[in-house]
Amino acid sequence: MSSRKLTLDDIADFRAYERERQEFRRHIIELKQRRRISVGPFITFVFENRDTIRFQIQEMARVERLYSDEQIETELRIYNPLIPEPGSLSATMFVELTSEPALREWLPRLVRVERSVHLRIGRGDDVETLPMRLDADHEAQLTREDTTSAVHYLNVTLTPAQIDRFAAEPVVLAIDHPEYRHETTLGADNITELLTDLRS
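All values derive from a computational prediction rather than experimental measurement.

(A) Fine view of the sheet that holds strand β3 (residues 88–95). Taken in spatial order, the 5 strands line up as β1-β2-β3-β7-β6 in an open sheet, and their pairing is antiparallel. On the outer flanks of this sheet lie β1 (36–39) and β6 (133–134), each paired with one strand and no other. With 5 bridges joining them, strand β2 (residues 43–47) and β3 adopt antiparallel strand pairing. Across the sheet, the residue bridging to Thr44 is Phe94, located in β3.

In structure tokens form, the structure reads like this:
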């Protein structure tokens, strides 16, 4: 397992976490501003890294009162796969619908939307399309034939040449689904931030 992965030693106990929580939370909010990318009116991606996943586990432990090593180990097994390996990006995709009628309407319409996400790198006739893949550990739980989930976990691995292009050329995050065709060009802050995952 990569040294990027979290261990029990990385997860602070309740009292220690309360002492650092305000500053750590501020750091995560700033970090997610560079890692959050909206595509279309109500789908958002948060590109995860070690800090965002540690925050997720710490907050879950705080809210659910997870005290034992065994409980924390369970969360580590669930969330550690979402920390990207060097050369990879990992994202949580959120279908951000806030009303029950909208959820009832759109989640069945968006079946397989999680299989319709890709990165496009380059310009003009020299564009490379990289499909984002579903995280295998979560796919069985979240992918259904009659409706989609409001949350999915996706990843993509780039070659060294593709990483060089990612750094130097336009990058578009796109959804190509019959009911939802939208795309967003990544900004300079997004590119700089995500290169810390790809090149570290």
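From this point, the discussion proceeds with the structure in view.
(B) Region of interest: the packing of aromatic side chains. If you walk through the whole model with that rule in mind, you get 4 aromatic pairs. Here Phe14 and Tyr67 contribute two aromatic rings whose centre-to-centre distance is 4.6 Å and whose plane-to-plane angle is 40°, an arrangement assigned as tilted. Linking Phe14 in helix α1 (residues 14–35) with Tyr67 in the loop between α2 (50–64) and α3 (69–79), this pair joins segments that are 53 residues apart in sequence. Look at Tyr67 and you get exposed, because its relative accessible area is 58%. Taking the centre distance of 5.0 Å and the plane angle of 65° together, the rings of Phe42 and Trp106 count as edge-to-face. With Phe42 in the loop between β1 and β2 and Trp106 in helix α4 (residues 100–109), the pair connects residues that are 64 residues apart, well separated along the chain. Joined through ring pairs, the aromatic side chains of Phe42, Trp106 and Tyr180 make up one cluster.

(C) Highlighting the nonpolar core. Residues Ile43, Phe45, Phe47, Phe166 and Leu173 are the most contacted members of the largest nonpolar core, which totals 36 residues. Those residues within four positions of Phe166 in sequence are excluded, and the remaining contacts are Leu89, Leu119, Ile121, Leu158, Val171, Leu186, Ile191, Leu194, Leu195 and Leu198. In this structure, Ile11, Ala61, Ile72 and Leu82 belong to the second largest nonpolar core, which totals 13 residues.

(D) Quick peek at α2. Its 15 residues give α2 an end-to-end C-alpha distance of 21 Å, which sits within 8% of 21 Å, the value for a rise of 1.5 Å per residue. All buried positions along α2 are accounted for by Thr52, Ile53, Arg54, Phe55, Ile57, Gln58, Glu59, Met60 and Ala61. Here α2 starts with a cap whose side-chain oxygen sits 3.1 Å from the backbone nitrogen of Asp51, and that cap is Asn49. Looking one or two residues beyond α2, the residue adopting positive phi is Arg65, at roughly 55°.

(E) Spotlight on the sheet that holds strand β5 (residues 126–131). Strand order in the open sheet formed by 4 strands is β5-β4-β8-β9, with antiparallel pairing between adjacent strands. For this open sheet the edge positions go to β5 and β9 (180–185), each flanked by a neighbour on one side alone. Neighbour-to-neighbour, the strand axes of the sheet open up by a mean angle of 20°, direction not taken into account. Lying over the sheet, helix α6 (residues 160–168) contacts β4 (117–123), β5 and β8 (171–177), oriented at roughly 70° with respect to β4.

(F) A look at the pattern of salt bridges. Counted under the stated rule, the structure contains 16 salt bridges. The partner of Asp197 in a salt bridge is Arg35, and the shortest N-O contact between them spans 2.8 Å. With Asp197 in helix α7 (residues 188–199) and Arg35 in helix α1, the pair connects residues that are 162 residues apart, well separated along the chain. For the residue pair Asp197 and Arg35, the accessibility class agrees, reading buried in each case. One network of salt bridges, in which partners are shared, links Arg34, Arg35, Glu193 and Asp197.

(G) Summary view of the packing of α1 against α2. The contact between α1 and α2 brings their axes to 10 Å, and the two run at 135°. The angle between α1 and α2 falls in the class oblique. Here α1 and α2 pass one another in a crossing that is left-handed. Every residue of α2 that contacts α1 at Phe14, Tyr17, Glu18, Glu20, Arg21, Phe24, Arg25, His27, Ile28, Leu31, Lys32 and Arg35 is listed here: Asp51, Thr52, Arg54, Phe55, Gln58, Glu59, Ala61 and Arg62.

About the thresholds
Counting starts from 1 at the beginning of each chain's written sequence and moves along it residue by residue. In keeping with the predicted nature of the model, local features appear solely for residues at pLDDT of at least 70, side-chain atom pairs appear and are counted solely at 80 or more, and the whole-chain, interface and lining totals rest on all residues. Hydrogens and waters are ignored; side-chain quantities use all the structure's heavy atoms. At least two bridges found by DSSP between two strands are what make those strands a pair. In DSSP terms, a helix is any run of H or I states spanning at least four residues, a strand is any run of E spanning at least two, and both are numbered starting from the N terminus. Here the aromatic set is Phe, Tyr and Trp, taking the six-membered ring for Trp, and pairing holds for ring centres within 6.5 Å; pairs whose planes are under 30 degrees apart are stacked, those over 60 apart are edge-to-face, and all others are tilted. Categorising residues by exposure relies on relative accessible area from a 1.4 Å probe, with only protein chains included: less than 20% of the type maximum marks a residue as buried, more than 50% marks it as exposed, and the intermediate range marks it as partly exposed. Working definition of a nonpolar core: buried Ala, Val, Leu, Ile, Met, Phe, Trp, Tyr and Cys residues. They are joined through side-chain atoms within 4.5 Å. We call two residues in contact whenever any of their non-hydrogen atoms come within 4.5 Å of each other. Helix span, as expected, comes to 1.5 Å for every residue beyond the first. Within 3.5 Å is the distance limit for a polar contact, defined as a pair of N or O atoms, with the added protein rule that one can donate a hydrogen and the other accept it, and that residues adjacent in sequence qualify only through two side-chain atoms. Interaxial angle, 0 to 180 degrees, is taken between N-to-C directions of lines fitted to C-alpha atoms, where a helix line uses only the stretch in contact. A side-chain nitrogen of Lys or Arg and a carboxyl oxygen of Asp or Glu constitute a salt bridge if their distance falls within 4 Å. Roughly parallel means an angle under 35 degrees; roughly antiparallel means over 145; roughly perpendicular covers 65 to 115; every other angle is labelled oblique. Crossings are assigned a handedness: left-handed for a near helix turned anticlockwise from the far helix by less than a right angle, right-handed for a clockwise turn.

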